[in-house]
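Structural overview
Chain by chain, the residues:
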Amino acid sequence: PVEGFAPKAIAISGTANKLIPWIPVFDIPMSVAERKSIPQSEGDCIHVDNWIDPSLLEKKIPSFTLQLLTENVIKHNTINSDNPMTIYLSTSDDKKKLVVSNEIRLKQNVVKSGTGLKNLSTRCKLVSDQDISIENDSKCFTVKIPLLNE
(Lines give C-alpha, C1' and ligand atoms only; values in the text may rest on other atoms or scores of the structure.)
Protein backbone atom coordinates (compact mmCIF):
# COMPACT_ATOMS: atom_id res chain seq x y z
CA PRO A 1 0.00 0.00 0.00
CA VAL A 2 1.04 3.58 -0.62
CA GLU A 3 1.82 5.35 2.62
CA GLY A 4 -0.73 8.03 3.45
CA PHE A 5 -3.40 6.69 1.06
CA ALA A 6 -6.92 7.47 2.26
CA PRO A 7 -9.08 4.49 1.26
CA LYS A 8 -12.26 6.56 1.61
CA ALA A 9 -11.17 8.78 -1.31
CA ILE A 10 -12.74 6.52 -3.93
CA ALA A 11 -15.32 3.90 -3.02
CA ILE A 12 -15.90 0.94 -5.33
CA SER A 13 -19.08 -1.10 -5.36
CA GLY A 14 -20.94 -3.33 -7.80
CA THR A 15 -20.89 -6.81 -9.25
CA ALA A 16 -17.11 -7.16 -9.53
CA ASN A 17 -16.54 -5.74 -6.05
CA LYS A 18 -12.76 -6.16 -6.03
CA LEU A 19 -9.60 -4.50 -7.30
CA ILE A 20 -9.45 -4.13 -11.04
CA PRO A 21 -5.85 -4.88 -12.03
CA TRP A 22 -6.09 -3.41 -15.52
CA ILE A 23 -7.43 0.02 -14.62
CA PRO A 24 -4.45 1.94 -13.23
CA VAL A 25 -6.18 4.91 -11.59
CA PHE A 26 -8.60 2.74 -9.62
CA ASP A 27 -6.11 0.00 -8.85
CA ILE A 28 -6.17 0.88 -5.19
CA PRO A 29 -3.91 2.09 -3.74
CA MET A 30 -3.27 4.80 -6.30
CA SER A 31 0.28 5.98 -6.77
CA VAL A 32 1.26 9.18 -5.05
CA ALA A 33 1.54 10.95 -8.43
CA GLU A 34 -2.00 9.97 -9.43
CA ARG A 35 -3.46 10.77 -6.01
CA LYS A 36 -2.10 14.34 -6.08
CA SER A 37 -4.18 15.15 -9.16
CA ILE A 38 -7.51 14.61 -7.33
CA PRO A 39 -8.07 17.29 -4.69
CA GLN A 40 -8.93 15.74 -1.31
CA SER A 41 -12.10 17.85 -1.07
CA GLU A 42 -13.42 16.34 -4.32
CA GLY A 43 -11.85 12.92 -3.84
CA ASP A 44 -14.04 12.26 -0.81
CA CYS A 45 -17.10 13.01 -2.95
CA ILE A 46 -16.33 10.70 -5.86
CA HIS A 47 -17.65 7.16 -5.92
CA VAL A 48 -17.19 4.44 -8.50
CA ASP A 49 -20.00 2.02 -9.28
CA ASN A 50 -18.31 -0.96 -10.89
CA TRP A 51 -20.42 -3.15 -13.20
CA ILE A 52 -17.58 -4.48 -15.33
CA ASP A 53 -18.13 -8.00 -16.59
CA PRO A 54 -15.81 -10.12 -14.38
CA SER A 55 -14.81 -12.24 -17.39
CA LEU A 56 -13.09 -9.15 -18.83
CA LEU A 57 -10.87 -8.27 -15.87
CA GLU A 58 -7.74 -9.40 -17.71
CA LYS A 59 -8.30 -6.91 -20.55
CA LYS A 60 -6.21 -3.75 -20.72
CA ILE A 61 -6.73 -0.04 -21.36
CA PRO A 62 -4.06 2.63 -21.87
CA SER A 63 -2.35 3.81 -18.68
CA PHE A 64 -3.89 6.82 -16.96
CA THR A 65 -7.15 6.53 -18.91
CA LEU A 66 -9.35 6.61 -15.84
CA GLN A 67 -7.22 9.25 -14.17
CA LEU A 68 -7.80 11.52 -17.17
CA LEU A 69 -11.54 10.79 -17.22
CA THR A 70 -11.82 11.35 -13.47
CA GLU A 71 -10.00 14.67 -13.77
CA ASN A 72 -12.45 15.64 -16.54
CA VAL A 73 -15.39 14.83 -14.27
CA ILE A 74 -13.88 17.01 -11.52
CA LYS A 75 -13.01 19.86 -13.89
CA HIS A 76 -16.40 20.09 -15.60
CA ASN A 77 -18.94 19.14 -12.92
CA THR A 78 -20.19 20.50 -9.61
CA ILE A 79 -19.11 18.05 -6.92
CA ASN A 80 -19.28 18.51 -3.16
CA SER A 81 -20.29 16.63 -0.01
CA ASP A 82 -23.94 17.61 -0.53
CA ASN A 83 -23.77 16.59 -4.18
CA PRO A 84 -21.28 13.69 -4.61
CA MET A 85 -20.51 12.30 -8.05
CA THR A 86 -20.75 8.67 -9.10
CA ILE A 87 -18.65 7.40 -11.99
CA TYR A 88 -20.15 4.27 -13.53
CA LEU A 89 -17.89 1.58 -15.00
CA SER A 90 -19.34 -1.14 -17.21
CA THR A 91 -18.65 -2.96 -20.45
CA SER A 92 -20.36 -2.63 -23.80
CA ASP A 93 -22.89 -5.26 -24.86
CA ASP A 94 -20.37 -6.73 -27.31
CA LYS A 95 -17.76 -6.84 -24.47
CA LYS A 96 -15.23 -4.94 -26.57
CA LYS A 97 -15.25 -1.59 -24.75
CA LEU A 98 -15.02 -0.22 -21.26
CA VAL A 99 -17.89 2.21 -20.67
CA VAL A 100 -17.25 5.13 -18.30
CA SER A 101 -20.17 7.45 -17.59
CA ASN A 102 -21.30 10.13 -15.19
CA GLU A 103 -24.21 12.46 -14.65
CA ILE A 104 -23.69 15.93 -16.14
CA ARG A 105 -23.76 18.78 -13.60
CA LEU A 106 -21.74 21.42 -15.41
CA LYS A 107 -19.79 24.07 -13.55
CA GLN A 108 -20.22 27.63 -14.76
CA ASN A 109 -17.42 29.31 -16.75
CA VAL A 110 -15.29 26.21 -17.37
CA VAL A 111 -13.41 26.30 -20.66
CA LYS A 112 -13.96 23.15 -22.71
CA SER A 113 -10.89 22.51 -24.82
CA GLY A 114 -11.35 18.79 -25.46
CA THR A 115 -7.58 18.32 -25.21
CA GLY A 116 -7.74 15.46 -22.69
CA LEU A 117 -10.22 13.46 -24.76
CA LYS A 118 -8.24 14.15 -27.95
CA ASN A 119 -5.09 12.84 -26.25
CA LEU A 120 -6.95 9.74 -25.06
CA SER A 121 -8.27 9.19 -28.58
CA THR A 122 -4.76 9.45 -30.01
CA ARG A 123 -3.35 6.99 -27.45
CA CYS A 124 -6.10 4.45 -28.11
CA LYS A 125 -5.53 4.67 -31.87
CA LEU A 126 -1.80 4.19 -31.37
CA VAL A 127 -2.11 1.02 -29.29
CA SER A 128 -5.19 -0.55 -30.83
CA ASP A 129 -6.07 1.11 -34.15
CA GLN A 130 -9.44 1.82 -32.52
CA ASP A 131 -10.87 5.12 -31.37
CA ILE A 132 -12.83 6.04 -28.28
CA SER A 133 -16.46 7.04 -28.64
CA ILE A 134 -18.05 9.94 -26.78
CA GLU A 135 -21.75 10.35 -26.06
CA ASN A 136 -23.34 13.40 -24.44
CA ASP A 137 -27.13 13.45 -24.15
CA SER A 138 -27.10 16.54 -21.85
CA LYS A 139 -27.92 14.34 -18.82
CA CYS A 140 -25.14 11.75 -19.01
CA PHE A 141 -21.58 11.92 -20.37
CA THR A 142 -20.18 8.60 -21.60
CA VAL A 143 -16.81 7.58 -22.99
CA LYS A 144 -16.24 4.11 -24.44
CA ILE A 145 -12.65 2.87 -24.52
CA PRO A 146 -11.49 -0.15 -26.55
CA LEU A 147 -10.45 -3.13 -24.41
CA LEU A 148 -7.15 -4.72 -25.35
CA ASN A 149 -5.88 -8.25 -24.87
CA GLU A 150 -2.25 -7.30 -24.32
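In what follows, the accompanying structure is described.

Criteria and cut-off values
Residues numbered from 1 in each chain as written. Predicted model: local features only at pLDDT ≥ 70, side-chain atom pairs only at ≥ 80, totals over all residues. Heavy atoms only, no water. Helix = DSSP H or I, 4+ residues; strand = E, 2+ residues; numbered from the N terminus. Expected span 1.5 Å × (residues − 1). Buried < 20%, exposed > 50% of the residue type's maximum accessible area, 1.4 Å probe, protein only. Axes fitted to C-alpha atoms, helices over the stretch in contact; angles between N-to-C directions. Parallel < 35°, antiparallel > 145°, perpendicular 65-115°, else oblique. Left-handed = near helix turned anticlockwise from the far one by under 90°. Contact = heavy atoms within 4.5 Å. Nonpolar A, V, L, I, M, F, W, Y, C, P; charged D, E, K, R; others polar. Polar contact = N/O pair within 3.5 Å; in protein donor to acceptor, adjacent residues only side chain to side chain.

Side note on helix α3 (residues 65-76)
Spanning 12 residues, α3 covers 17 Å between terminal C-alpha atoms, matching the ideal 16 Å at 1.5 Å per step. Among all positions of α3, only Thr-65, Leu-66, Gln-67, Leu-68, Leu-69, Thr-70, Asn-72, Val-73, Ile-74 and His-76 are buried.

A word on the packing of α3 against helix α4 (residues 115-128)
Where α3 contacts α4, the two axes come as close as 10 Å, and the packing angle between them is 160°. For the element pair α3 / α4, the angle class is roughly antiparallel. Both α3 and α4 take part in a crossing whose hand is left-handed. Touching Thr-65, Leu-68, Leu-69 and Asn-72 of α3 are Gly-116, Leu-117, Leu-120 and Arg-123, all from α4. Grouping the amino acids of the contact of α3 with α4 by side-chain chemistry returns 4 nonpolar, 3 polar and 1 charged.

Describing the side chain of Asn-50
By the element assignment, Asn-50 lies in strand β2 (residues 46-51). Assessed through its relative accessible area of 0%, Asn-50 is described here as buried. A polar side-chain atom of Asn-50 sits 3.0 Å from the main-chain amide nitrogen of Ile-52.

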